[in-house]
Amino acid sequence: MKNTPFTDRHIAMGAKMAAFAGYNMPISYTGINEEHNCVRTNAGVFDVSHMGEFILKGPGALDLIQRVTSNDASKLTDGKAQYSCLPNDHAGIVDDLLVYCIEQNKTYMLVVNASNIEKDWEWISKHNTGGVEMHNISDKTALLAVQGPKATEYMQQLTDMDITNLKYYTFAKGTFAGVDNVLVSATGYTGAGGVEIYFEDKGDDASKIWDEIFRIGMQHGMKPIGLAARDTLRLEKGFCLYGNDIDDTTSPLEAGLGWITKFTKDFTAKGILEKQKAEGVTRRLVGLEMIDRGIPRHGHAIQNAEGNDIGIITSGTQSPTLGKAIGLGYVAIDYAGEGSEIFVNIRDKAIKALVVKIPFL
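What counts, and where the lines are drawn
Within every chain, residues take consecutive numbers counted from 1 along the sequence as written. The model is predicted, so local features are restricted to residues of pLDDT at least 70 and side-chain atom pairs to those at 80 or more, both for listing and for counting; the totals for chains, interfaces and linings are taken over all residues. As a convention, hydrogens and water are excluded, and side-chain values are obtained from all of the structure's heavy atoms. When DSSP finds at least two bridges between two strands, those strands are taken to pair. Numbering goes from the N terminus for both helices and strands, where a helix is a DSSP run of H or I of at least four residues and a strand is a run of E of at least two. For the purposes of this section, nonpolar cores are sets of buried Ala, Val, Leu, Ile, Met, Phe, Trp, Tyr and Cys residues that join through side-chain atoms within 4.5 Å. The cut-offs for exposure are 20% and 50% of the maximum accessible area for each residue type, with area from a 1.4 Å probe on protein chains only; residues under the lower value are buried, those over the upper are exposed, and the others partly exposed. Polar contacts, as counted here, are pairs of nitrogen or oxygen atoms within 3.5 Å of one another; within protein the pair requires one atom able to donate a hydrogen and one able to accept it, and residues that are adjacent in sequence qualify only if both atoms are side-chain atoms. The criterion for an aromatic pair is that two Phe, Tyr or Trp rings (for Trp, the six-membered ring) have centres within 6.5 Å, with stacked assigned to planes under 30 degrees apart, edge-to-face to planes over 60 apart and tilted to the rest.

Engineer: Help me out: how do you make sense of the sheet that holds strand β12 (residues 194-200) in this one?
Structural biologist: By definition, the strands of a sheet pair up through backbone hydrogen bonds, in either a parallel or an antiparallel sense. Ordered in space as β10-β11-β12-β9-β3-β13, the six strands form an open sheet in which the pairing is mixed. Sheet topology places β10 (171-176) and β13 (223-224) at the edges, where each strand pairs with a single neighbour. Alignment of strand β9 (residues 141-147) against β12, held across seven bridges, turns out to be antiparallel. Paired with A142 across the bridge in β12 is F199.

Rendered as structure tokens:
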């Protein structure tokens with residue numbers, strides 16, 4: 001297993017560790033509910049250094065990004081980022097990612113899922129017919145996500161960059177916690193506000209940034225947070241998790257990602273997706289709330305009142321904030337409407353649920 005620059009810190013702080021995407025990662029520290037609620041009400045720190053980062057440079061960089069991603073990166077100007085996906089040849093999803101515009105038409109950073117770094121690199125490289133300069137900087141890039149309603153207020157004390165007024169999906173570059181060339185973005189995977197902090201793992205920079213973040217934050221009750229709470233937080237906001245809710249077999253239109261699928265440009269599988277849009281999809285990813293007692297889990301069958309399979313659960317949990325069981329799943333289009341009554345097969349029992357609007361809160 002690979003380690004991040006902060007693995008020793010996690011172990012010293014009592015984290016429960018486990019393998020995730022080939023890395024030794026903290027799953028929880030004091031418990032999922034406590035960590036979850038800390039982020040929702042205050043602020044918490046996630047080590048997400050396992051994520052992948054690619055730099056694309058040169059006059060053809062934007063053209064390459066436009067051809068391999070579904071969103072319209074030509075709209076990005078310096079200091080802006082966007083959520084997008086890499087469609088495959090069959091309109092499935094190679095990965096979902098963030099595209100950062102470092103210098104318009106010249107330099108971009110792509111942030112991809114840890115489990116897909118090699119796959120994404122090969123996919124983009126295969127389409128790099130114009131000699132775009134590509135650098136995989138994943139192994140030397142550290143990433144901390146400081147999330148929660150108080151996160152930006154705390155982090156502002158460590159930089160002269162105006163991160164307090166960063167708009168959603170914008171970023172700044174500068175000195176942070178005494179370290180130069182740090183990128184701070186108003187992004188994250190919790191829906192609770194906050195920032196993500198990218199920097200090169202060199203010298204003692206990682207230790208310096210970690211120590212300064214906690215020097216400021218711990219006096220306000222900020223805590224380190226594991227990946228388990230990251231999952232419950234993202235699920236409450238209806239954010240897709242690659243490998244669960246989206247994968248090589250799901251189209252962005254089925255997954256409710258039509259808003260990042262722009263037909264004003266040419267990109268992989270555009271024709272298939274245009275046909276899907278015109279004809280309508282046959283299934284859709286929906287949010288569901290359990291009416292009867294039971295927690296939906298990945299792989300559980302979704303059924304109609306007659307007991308026929310109509311879909312499958314992709315993610316599910318007991319929501320710490322709502323105090324009820326929620327989930328995401330694909331259902332046949334006839335059952336995808338808000339208010340539809342469906343059933344989740346849990347241990348061979350049909351447990352009643354209701355299709356509800358996403359996000360859950």
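Back to the text.
Engineer: Where do I start with the nonpolar core in this structure?
Structural biologist: Of all hydrophobic cores here, the largest spans 38 residues; its most connected members are Y100, Y198 and I246. Ranked by size, the runner-up nonpolar core spans 30 residues in total, among them M161, L166, F176 and M222.

Engineer: When you look at the environment of Q147 in this model, what are you seeing that I'm missing?
Structural biologist: Structurally, Q147 can be placed in strand β9. With relative accessibility at 2%, the residue Q147 sits in the buried group. Taking the C-alpha atoms as reference, Q147 lies 5.5 Å from G44; in sequence the two are 103 residues apart. Engagement of the side chain of Q147 in a polar contact is seen with the backbone oxygen of V195, the distance being 3.3 Å.

Engineer: Please clarify how the packing of aromatic side chains should be interpreted in this entry.
Structural biologist: Each aromatic ring pair is summarised here by two numbers: the centre-to-centre distance and the angle between the ring planes. Considering all chains together, one arrives at 10 aromatic pairs under this definition. Relative to Y169, the ring of Y168 lies with its centre 4.8 Å away and its plane at 90°, an arrangement referred to as edge-to-face. Classification of Y168 by relative accessible area gives exposed; the value is 58%. Accessibility expressed as a relative area gives 18% for Y169, which makes it buried. An aromatic cluster of at least three residues, connected via ring pairs, comprises F6, F199, W210 and F214.

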